[in-house]
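Reading the structure
Residues per chain, in single letters:
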Amino acid sequence: MNIESLSQHSIELENEILITNQDLAITIEQVKPGVGQDAEWETVDLDINKDGLINDLDLQA
């Protein structure tokens with residue numbers, strides 16, 4: 001590698017670090033307590049086939 005290609009590679013790595021830091025900052029903001037879902041419990045209906053039972057057929061779906 002010559003000096004020019006090392007310089008270009010360095011710039012690319014710096015840009016990648018900046019983008020990664022921005023992505024990390026966004027992720028941190030999104031997972032802070034109080035962001036996103038409210039404090040209520042989330043529920044999921046496990047009776048996928050609506051037969052009134054939760055059995056292997058539901059778990060395989």
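For the structure, see preceding data.
Residues numbered from 1 in each chain as written. Predicted model: local features only at pLDDT ≥ 70, side-chain atom pairs only at ≥ 80, totals over all residues. Heavy atoms only, no water.

1. Some thoughts on the overall build of the protein
Secondary structure assignment for the protein yields 2 helices and 0 strands. With the model as given, the accessible surface of the protein reaches about 5,900 Å², and the carbon-plus-sulfur share is 59%. (Helix = DSSP H or I, 4+ residues; strand = E, 2+ residues; numbered from the N terminus. Areas by Shrake-Rupley, 256 points an atom, 1.4 Å probe, with all protein chains shown as cover.)

2. Some details on the pattern of salt bridges
Scanning all chains against the criterion turns up 1 salt bridge. Close ionic contact of D45 with K50 constitutes a salt bridge, the shortest N to O distance being 2.6 Å. Classification of D45 as partly exposed rests on a relative accessible area of 48%. For K50, a relative accessible area of 58% translates into the label exposed. (Salt bridge = Lys/Arg side-chain N within 4 Å of Asp/Glu carboxyl O. Buried < 20%, exposed > 50% of the residue type's maximum accessible area, 1.4 Å probe, protein only.)

3. Some points on the side chain of D47
Looking at the secondary structure, you find D47 in the loop between helix 1 (3-31) and helix 2 (56-60). Among buried charged residues, D47 stands out as having no salt bridge; its nearest opposite-charge side chain is K50, 6.0 Å away. Looking at D47, its side chain comes within polar contact range of the main-chain nitrogen of G52, at 2.8 Å. Beyond its immediate chain neighbours, meaning those up to four positions away, D47 contacts G52, L53, I54 and D58. (Lys, Arg positive; Asp, Glu negative; His and termini not counted. Polar contact = N/O pair within 3.5 Å; in protein donor to acceptor, adjacent residues only side chain to side chain. Contact = heavy atoms within 4.5 Å.)

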